[in-house]
Amino acid sequence: MLSKKVRLDAHGEDSSYFLGWKEYEKNAYDNVQNPSGIIQMGLAENQLSFHLLEAWLASNQDAARLTKNGESMFRELALFQDYHSLPDFKNVLVEFMAEIRRNKVSFDPRKLVLMAGATSANETLMFCIADPGDAFLLPTPYYPGFDRDLKWRTGVEIVPIHCSSSNGFKVTKFSLEEAYQQAQKLSLNVKGVLITNPSNPLGTTMSHDELDELITFAIAKKIHIISDEIYSGTVFDHPSFISIMEALLDRKLEETELWNRVHVVYSLSKDLGVPGFRVGMIYSNNEALVSAATKMSSFGLISSQTQYLLSKLLSDKEFTRNYMKENRKRLKARREMLVTALRGAGIECLKSNAGLFCWVDMRNLLSSNTFDAEVELWKKILREAGLNVSPGASCHCSEPGWFRICFANMSEETLNVSMQRMKAFVEKTTQQYCRRGGGRVTHQESGSNSRRRSFSNWVLNLCSYDREPYR
């Protein structure tokens, strides 16, 4: 007999987010070997500037071969197993983090804990801050993996902070208080709020006002703030990224209790595009937490070889600055490609300025304004269009019809194929609605706007075009 943890199957991987991945793995798209396969648009991976990393490695053989001034570092690196990590790596990491934040924040390497990815970092923070049965508040929509990362092994509960499309899914004083009161009704002890900034799946950065509301709330409730900032280097458009640490400094809160209750999670997986290297970290001013997290990092250390290689790469300031500049430029261009193509298919996206994905509004393609209809639409997109996208329900969105679509994990050619499929799918779906007499959901009851009216006109044109002879 296995443990309850195994038998209860509570890891969260039965959500549509992970089920879509499994379908993709059975029938993965390849432009030569399997051109009718499923295209993976549910993976937030950054491959747009990968060749720049490969070029750097080719011209920096010492780092690639684990040598220093021509002398092998193999023995030293192979025997190194200190959970405090390589000092050189931590030093260049804090400099890199500061530069991403326009040097408005400085970081002390002694307050940095390294571990195998942001997944480990977030879970470790749960172990350090909360006991089983305690709760964290998370703004919705949020990354589906948090249901696994934060809850599965720790026993911590998640209470959603419901955000609305009416204000671009921004966190408000009301939504924070509402979530806190809901936790109280459930007899849950709230230990903190966890945000992702920039947001996954929204692709937006939090405003100074939002961060101020969050800080004021945390002070009033005497709770922690965890700011997952793994997409901080992907901000490619205005407004600029504001770290939670910068917001604290702006309010001169260094000498307050809250200073020790705010923790930052970071990773190189998204900004540098190296998820396989498993580099994650916690930054905190809380000495006791840093001490405990450092000990816990023994369960998921970063290999010394990886630390050595990346310390050499990050110490090359000219390369990292050029890389980040070029990467932001490419992310912005790729996002525009996706948004333009979707708009050509009659689909709009939430305005975004960061991340590797768009938050896509497909409410007008729902057969009814329900999450059952969203699941139905998701299955059709997966099976008929051959596109794995992430439905909003898997992100705990409170409104059906929103989907996350990733754009940086594929070639430009593959993105074009995916958008051709999407346009054909929308046209087919719309024509089916027209033949049935228009049974689609309308959003008049939720406040239609000019964008939705223009979409409706586009649908009507499609329907009439279907009835008229070609001219």
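Residues numbered from 1 in each chain as written. Predicted model: local features only at pLDDT ≥ 70, side-chain atom pairs only at ≥ 80, totals over all residues. Heavy atoms only, no water.

> Account for the packing of aromatic side chains, naming residues and giving values.
Summed over the entire model, instances satisfying the criterion amount to 13 aromatic pairs. With 6.2 Å between their ring centres and 90 degrees between their planes, Tyr17 and Tyr143 make a pair best called edge-to-face. Of this pair, Tyr17 sits in helix α2 (residues 16–26) while Tyr143 sits in the loop between β5 (135–139) and α8 (146–149), placing them 126 residues apart in sequence. Neither Tyr17 nor Tyr143 differs from the other in exposure class; each is buried. Residues Tyr180 and Phe217 carry aromatic rings whose centres are separated by 5.9 Å and whose planes lie at 85 degrees to one another, so their mutual orientation is edge-to-face. Note that Tyr180 is positioned in helix α9 (residues 173–185) and Phe217 in helix α10 (residues 208–221), a separation of 37 residues in sequence. Both residues of the pair, Tyr180 and Phe217, belong to the buried class. Put simply, the rings of Tyr17, Phe18, Trp21, Tyr142, Tyr143 and Phe146 pair up and form one aromatic cluster. Above the ring of Tyr266, the side-chain terminus of Arg101 is found at 5.5 Å from the ring centroid. The residue whose ring lies beneath Lys221 is Tyr180, and the NZ or CZ to ring-centre distance is 4.4 Å. (Phe/Tyr/Trp six-rings, centres within 6.5 Å; stacked < 30°, edge-to-face > 60°. Helix = DSSP H or I, 4+ residues; strand = E, 2+ residues; numbered from the N terminus. Buried < 20%, exposed > 50% of the residue type's maximum accessible area, 1.4 Å probe, protein only. Lys NZ or Arg CZ within 6 Å of the ring centre and 35° of its normal.)

> Tell me about the packing of helix α14 (residues 317–344) against helix α16 (residues 412–435), and please be specific about residues and values.
Orientation of α14 relative to α16, taken along the N-to-C sense of each, is 20 degrees, at an axis distance of 9 Å. Classified by the angle their axes make, α14 and α16 are roughly parallel. Here α14 and α16 pass one another in a crossing that is right-handed. Contacts from Arg334, Met337, Leu338, Ala341, Leu342 and Gly344 in α14 reach Glu412, Leu415, Asn416, Met419, Met422 and Lys423 in α16. Here the contact of α14 with α16 is composed, by residue class, of seven nonpolar, two polar and three charged. (Axes fitted to C-alpha atoms, helices over the stretch in contact; angles between N-to-C directions. Parallel < 35°, antiparallel > 145°, perpendicular 65-115°, else oblique. Left-handed = near helix turned anticlockwise from the far one by under 90°. Contact = heavy atoms within 4.5 Å. Nonpolar A, V, L, I, M, F, W, Y, C, P; charged D, E, K, R; others polar.)

> Any details on the nonpolar core? Residues and values, ideally.
Counting residues in each nonpolar core, the largest one holds 74 residues, and the members touching the most others are Phe89, Leu137, Met245, Leu268, Leu272 and Leu314. Considering each element in turn, this core owes the most residues, eight residues, to helix α6 (residues 87–100). Ile39, Ile158, Ile226 and Phe236 belong to the second largest nonpolar core, which has 67 residues in total. (Core = buried A, V, L, I, M, F, W, Y, C linked by side-chain atoms within 4.5 Å.)

> Provide a residue-level description of the pattern of salt bridges, including the pertinent values.
One pass over the full model with this rule turns up 21 salt bridges. A salt bridge links Arg101 to Glu229, with the nearest nitrogen and oxygen atoms 2.8 Å apart. Separated by 128 residues along the polypeptide, Arg101 in the loop between α6 and β4 (112–115) and Glu229 in the loop between β8 (224–228) and α11 (244–250) bring together distant segments of the chain. Residues Arg335 and Glu336 are paired through a salt bridge, measuring 2.6 Å at the closest nitrogen-oxygen approach. One salt-bridge network, held together by shared partners, links Arg102, Lys104 and Glu246. (Salt bridge = Lys/Arg side-chain N within 4 Å of Asp/Glu carboxyl O.)

> Account for the environment of Trp402, with residues named and values stated.
As for its placement among the helices and strands, Trp402 is situated in strand β15 (residues 402–406). Judged by relative accessible area, which is 4%, Trp402 ranks as buried. Separated by 231 residues in the primary sequence, Trp402 and Val171 place their C-alpha atoms 18 Å from one another. Leaving out residues up to four positions away in the same chain, Trp402 has contacts with Ser165, Phe169, Leu350, Trp359, Val360, Asp361, Arg363, Glu374, Ser390, Pro391, Gly392 and Cys397. At a separation of 3.5 Å, a polar atom in the side chain of Trp402 contacts the side chain of Glu399. (Polar contact = N/O pair within 3.5 Å; in protein donor to acceptor, adjacent residues only side chain to side chain.)

> Got a sec to walk through unusual backbone geometry? Specific residues and values, please.
Pro198 follows Asn197 through a cis peptide bond whose omega is 0 degrees. By the element assignment, Pro198 lies in the loop between β7 (190–196) and α10. The amide bond that connects His238 to the next residue, Pro239, takes the cis arrangement and shows omega of 0 degrees. Of note, Pro239 is situated in the loop between β8 and α11. In the Ramachandran plot, Arg102 falls in the positive-phi region, its phi being about 55 degrees despite a non-glycine side chain. Tracing the backbone through its elements, the reader meets Arg102 in the loop between α6 and β4.

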